[in-house]
2 protein chains.
Amino acid sequence: MLDLPTFDDVCAAAQRLDQHAHRTPVMTSRTIDAELGAQVFFKCENFQRMGAFKFRGAYNALCRFSARQRRAGVVTFSSGNHAQAIALSASLLGMPATIVMPQDAPAAKVAATRGYGGQVVLYDRYRDDREQIGLELAHRHGLTLIPPYDHADVIAGQGTAARELMQEVGPLDAVFACVGGGGLLAGTALAARALAPACKIYGVEPQAGNDGQQSFRSGTIVHTETPQTIADGAQTQHLGQYTFAIIRRDVDDILTVSDEQLVDGMRFFFSRMKMVVEPTGCLGFAAARSMGSALQGQRVGVLVSGGNVDMQRFCALVSA
Amino acid sequence: MLDLPTFDDVCAAAQRLDQHAHRTPVMTSRTIDAELGAQVFFKCENFQRMGAFKFRGAYNALCRFSARQRRAGVVTFSSGNHAQAIALSASLLGMPATIVMPQDAPAAKVAATRGYGGQVVLYDRYRDDREQIGLELAHRHGLTLIPPYDHADVIAGQGTAARELMQEVGPLDAVFACVGGGGLLAGTALAARALAPACKIYGVEPQAGNDGQQSFRSGTIVHTETPQTIADGAQTQHLGQYTFAIIRRDVDDILTVSDEQLVDGMRFFFSRMKMVVEPTGCLGFAAARSMGSALQGQRVGVLVSGGNVDMQRFCALVSA
C-alpha cells in the first residue's frame with residue numbers, strides 16, 4: 001500500500017513554502033473569456049522562482065530532510081526544471097546537491113544548475129540508466145534521492161499552486177494541468193477535490209506522448225518511448241506509482257493537444273498577455289481552448305507551468 | 001498660467017480607474033537585485049489593459065466629459081498606444097471615438113484601434129499636420145480633443161501607476177520612468193513627490209531623441225526631428241506645456257540610453273522575468289541598470305510602460 005499524500009500535506013507544504021516561493025499572480029484575458037464565454041484564471045507559475053512550479057515540490061521535499069540527511073545532501077536525475085529546482089532549493093537550505101544530467105543536455109541548463117550551486121554528474125543517455133546512477137550515488141554517499149515527480153512530498157508541494165489559485169479566485173468548475181510524470185496534476189487534484197469538490201479536473205498531454213491518457217483509461221501504468229514533441233517537460237515515458245494512484249482516483253479525464261496548438265498558445269500568451277510561456281506550459285490552455293463552447297458560463301482554472309524556453313528557440317517555434 | 005494637475009488629481013483619477021484599469025502586479029528579480037546591490041520593484045504596465053499605461057490617462061480624461069461631450073465624442077491623434085487607449089476607453093464609456101492615424105501606420109495597430117470600436121481617419125504624414133486635422137474634426141463635429149500627453153487629466157491618470165507602486169511597496173529612494181511627451185514622467189513625479197518626498201525622480205529617453213533632456217537642462221522646450229530609435233513610444237518631437245512645467249519643477253534629471261541597451265533589457269525581461277516588454281518599456285530599466293553601484297542599498301522603482309511589440313519584430317530585434 002502506498003502512503004498517498006493528502007490535502008493536509010498540501011497545506012503543510014504551503015506553510016513551508018511561505019516567504020520562500022513566490023505567490024504567483026493570477027492573470028486573466030478578456031479576449032479569451034469572450035472567445036470561450038467563460039471566466040478563465042491563469043495561475044502563472046512561469047513567474048515562480050527558477051521559472052516553473054517545480055520549485056514548490058523540490059523545496060517542500062528538502063524541508064522535510066532530517067539533520068543527517070541535510071548534511072549528506074540530495075541527489076536527483078533531471079535534464080529539466082526539476083534539476084534547477086533541486087539545486088536552488090538545496091542552496092537555499094544550505095545542503096549539497098548532486099544532479100544527474102545527460103551529456104547532451106543544453107549547455108544553458110547545465111550552467112544554470114551549476115549556477116545554483118548544484119554538482120552536475122553527466123551520463124550517456126544512450127548507454128546509461130539515470131535512475132540507476134542516481135540510486136548508486138545515493139547508496140555510495142548516503143544521499144537522499146528526490147525523484148522529479150513520484151514522491152509524496154513533491155506532489156504535496158506542487159499542489160500548493162492550485163490551492164493558492166482557488167484561495168484567490170474561489171471555487172472553479174474546471175481546472176486544467178499539464179501531465180509529464182503527473183506531479184502537478186496529482187497535487188492539483190488533491191487541492192481541487194478539497195476546495196471545490198464538484199470541480200472537473202483535467203490533465204493534458206502532448207498527442208505524441210499520451211501514455212498518461214492510456215494509463216488513465218486502461219487502469220494500469222503504460223510505458224512509451226520518449227515522445228517527439230516540443231513540450232520537453234512532458235517527454236516522460238510513464239506516470240509514477242504515487243501520481244497514477246491519485247490521478248486514477250481524483251482526475252476526470254486526460255486530454256491531448258498537438259504541438260501546433262501549443263505554438264498557438266505561446267503566440268497568444270506573448271501577443272495578448274505579454275507573457276513568456278514554455279511549450280509544456282501551454283498544454284492546459286490549449287486543451288481548455290479546444291473545448292470551446294463546452295466551457296460556456298464556467299469558471300475555469302489553468303495552470304501555466306513554466307516559462308523556461310530559450311529565446312532563440314521561442315522565436316524559431318513561433319515563426320515556423 | 002497653466003492650471004497644473006496635483007497629487008489630489010492623481011488620487012481622484014485612481015478612484016475613477018478603480019475596477020476599470022488593472023491594478024498591475026509589481027515584479028522583482030533576485031538576479032537584478034544582486035547585480036545592482038539594490039531592491040528593484042518593476043511596476044508592470046505591460047499587463048495593463050490594451051498592454052500599456054496609456055489606458056489610465058485616456059480613461060481618466062474621458063470620465064471627466066460632460067453629458068454633452070460624451071454624446072459628441074472624443075477625437076485624438078496617435079499612431080501608438082494612446083490611439084488604442086482612447087478607442088477602448090470610449091467604447092467602455094459608450095461614446096464615439098475618432099482617431100487620426102498616419103496612412104503608413106502598421107495595419108495591426110489600425111485594426112486593433114478599429115477593433116475597439118474607434119473610427120480611424122488616415123492622413124499623409126509627409127503632407128498633413130495631424131494636430132491640425134484633429135483640431136478641425138473637433139471644431140466641425142463638436143468633438144473633444146484629448147491629446148496623447150499634454151493634458152491635465154491624462155497626466156493625473158498616468159500618475160496612478162506610480163501611486164499604486166508606492167502604496168504597495170512603500171517609499172522609494174529612486175524611480176525611473178520613460179519620457180516621450182512626458183505624461184508618464186509628470187504623473188509619476190506628482191505621485192512620488194507626495195508619497196516619497198526624498199525620492200529621486202529620473203526620466204529616461206532614447207539617446208537619439210534627447211529633446212526632453214535638452215529641454216530640462218536648458219529650461220525651455222526644445223523641438224527635434226522625429227528621432228531614429230527602436231523606442232517608437234518615445235519618438236515624440238517635444239515635451240508639452242503641462243508636462244514640461246511639472247518635469248522642470250519636480251524631476252531630478254533626464255537620462256538617456258542606447259537602442260542596444262533597450263534590446264538588452266528586452267532580452268533580460270524575456271529570459272529572466274518571462275515578460276514581454278516593448279522597446280520603450282525598457283527605457284527606465286536600462287537607465288537604472290547603467291547606474292550600477294550608484295543605486296547600492298537603495299529601494300528603486302521602475303515603470304515598465306508597455307508590452308505592445310509585434311512578435312516578429314521582437315524576434316528580429318533580439319536576434320540581431
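So, a few notes on the structure that sits alongside this text. (Residues numbered from 1 in each chain as written. Chains lettered and ligands numbered in written order. Predicted model: local features only at pLDDT ≥ 70, side-chain atom pairs only at ≥ 80, totals over all residues. Heavy atoms only, no water.)

### So, the overall build of chain A
Tallying secondary structure elements over chain A gives 14 helices and ten strands in all. Projected onto the principal axes, the alpha-carbon positions of chain A cover approximately 55 × 45 × 40 Å. Of all 320 residues assigned to chain A, the portion counted as buried reaches 60%. In chain A, the proportion of contacts linking residues at least 24 apart, taken out of those at least 6 apart, comes to 73%. Of the accessible surface of chain A, which amounts to about 12400 Å², a share of 46% is contributed by carbon and sulfur atoms. (Helix = DSSP H or I, 4+ residues; strand = E, 2+ residues; numbered from the N terminus. Buried < 20%, exposed > 50% of the residue type's maximum accessible area, 1.4 Å probe, protein only. Contact = heavy atoms within 4.5 Å. Areas by Shrake-Rupley, 256 points an atom, 1.4 Å probe, with all protein chains shown as cover.)

### Digging into the relation of the copies chain A and chain B
Aligned on chain B, chain A shows an RMSD of 0.0 Å; the corresponding rotation is 180 degrees and the shift along the axis is 0.0 Å. What the rotation and shift describe, once combined, is the action of a two-fold rotation axis. The rotation axis passes nearest to the C-alpha of A:M275 in chain A, at a distance of 2.4 Å. Both copies contact each other with a shared surface, as 100% of the interface residues of chain A are interface residues in chain B too. (Least-squares fit on C-alpha atoms with pLDDT ≥ 70 in both.)

### Description of the state of the cysteines
The full count for this structure, using the stated rule, is one disulfide over all chains. Note that A:C315 is cross-linked by a disulfide to B:C315, the S-S spacing being 2.3 Å. The sign of the S-S torsion, about -85 degrees, decides the handedness of the disulfide formed by A:C315 and B:C315: left-handed. Here B:C315 lies in helix α14 (residues 311–319) and A:C315 lies in helix α14 (residues 311–319), a pairing that spans two chains. Comparing A:C315 with B:C315 shows no difference in burial state: the two are buried. Of all cysteine sulfurs in the structure, the one in A:C282 sits closest to A:C178, which takes part in no disulfide; the separation is 9.9 Å. Assessed through its relative accessible area of 7%, A:C178 is described here as buried. Note on A:C282: relative accessible area 0%, which makes it buried. (Disulfide = S-S within 2.5 Å.)

### Overview of the interface of chain A and chain B
In many analyses, interface size is given as the accessible surface area lost on bringing the parts together. In this assembly, 24 residues from chain A lie in contact with 24 residues from chain B. When chain A packs against chain B, the two sides together hide about 2100 Å² of surface, and 67% of this comes from carbon and sulfur. Taken as a group, A:F270, A:K274 and A:M311 account for 36% of the area that chain A buries against chain B, more than any other trio of residues on that side. Connecting chain A to chain B are zero salt bridges. Those elements giving two or more residues to the side of chain A that touches chain B turn out to be α12 (259–273) and α14 of chain A. It is α14(A) that provides the largest number of residues to the side of chain A that touches chain B, a total of six residues. Of the residues belonging to the side of chain A that touches chain B, the class tally is eleven nonpolar, nine polar and four charged. (Buried area = accessible area lost by both parts, 1.4 Å probe. Salt bridge = Lys/Arg side-chain N within 4 Å of Asp/Glu carboxyl O. Nonpolar A, V, L, I, M, F, W, Y, C, P; charged D, E, K, R; others polar.)

### Focus on the nonpolar core
Counting 148 residues, the largest nonpolar core has A:F42, A:F176, B:F42 and B:F176 as its most contacted members. When residues no more than four places from it in sequence are discounted, the contact partners of B:F176 are B:Y202, B:V204, B:L255, B:G284, B:A287, B:A288, B:M291, B:L295, B:V300, B:G301, B:V302 and B:L303. (Core = buried A, V, L, I, M, F, W, Y, C linked by side-chain atoms within 4.5 Å.)

### A look at the packing of helix α9 (residues 183–195) of chain A against helix α11 (residues 241–250) of chain A
Residue and element names in this part refer to chain A. It is the contact of α9 with α11, at a shortest axis distance of 9 Å, that shows an interaxial angle of 45 degrees. Between α9 and α11, the crossing angle belongs to the class labelled oblique. The crossing of α9 and α11 is left-handed. From α9, G183, L185, A186, A189, L190 and R193 reach across to α11, where they touch T243, I246, I247, R249 and D250. Classifying every residue of the contact of α9 with α11 gives six nonpolar, two polar and three charged. (Axes fitted to C-alpha atoms, helices over the stretch in contact; angles between N-to-C directions. Parallel < 35°, antiparallel > 145°, perpendicular 65-115°, else oblique. Left-handed = near helix turned anticlockwise from the far one by under 90°.)

### So, the sheet that holds strand β5 (residues 119–123) of chain B
All names here are of chain B. Read from one edge to the other, the open sheet built from four strands follows the order β5-β4-β3-β6, with strand pairing classed as parallel. Two strands lie at the open edges of the sheet, namely β5 and β6 (144–145), each paired on one side alone. Relative to β6, strand β3 (residues 74–77) runs parallel, the two being bridged by two bridges. Directly across from V75, in β6, lies its bridge partner L145. Packed on one face of the sheet, helix α6 (residues 107–115) meets β4 (97–102) and β5 and runs near 175 degrees to β4. (Pairing = 2+ DSSP bridges.)

### Description of the pairing of strand β5 (residues 119–123) of chain A
Along any regular strand, the residues point their side chains to alternate faces of the sheet. All names here are of chain A. In terms of strand pairing, strand β4 (residues 97–102) meets β5 through five bridges, oriented parallel. Note that in β5 the partner of M101 across the bridge is L122. Taking the sense of rotation as the criterion, the β-α-β connection linking β4, helix α6 (residues 107–115) and β5 turns out right-handed. (Right-handed = clockwise from strand over helix to strand, strands pointing away.)

### Side note on the pattern of salt bridges
Throughout the structure, instances matching the rule amount to 22 salt bridges over all chains. Residue B:E164 pairs with B:R56 through a salt bridge whose shortest N-O separation is 3.0 Å. With B:E164 in helix α8 (residues 152–169) and B:R56 in helix α3 (residues 54–63), the pair connects residues that are 108 residues apart, well separated along the chain. Given the relative accessible area of 0%, B:R56 is considered buried. Taking the shortest distance from any N to any O, the salt bridge between B:D252 and B:R193 comes out at 3.1 Å. Of this pair, B:D252 sits in the loop between α11 (241–250) and β9 (253–257) while B:R193 is found in helix α9 (residues 183–195), placing the two residues 59 residues apart along the sequence. For B:R193, a relative accessible area of 26% corresponds to the partly exposed category. Among the ionic contacts, a cluster of salt bridges with common partners joins A:K43, A:E45, A:R56 and A:E164.

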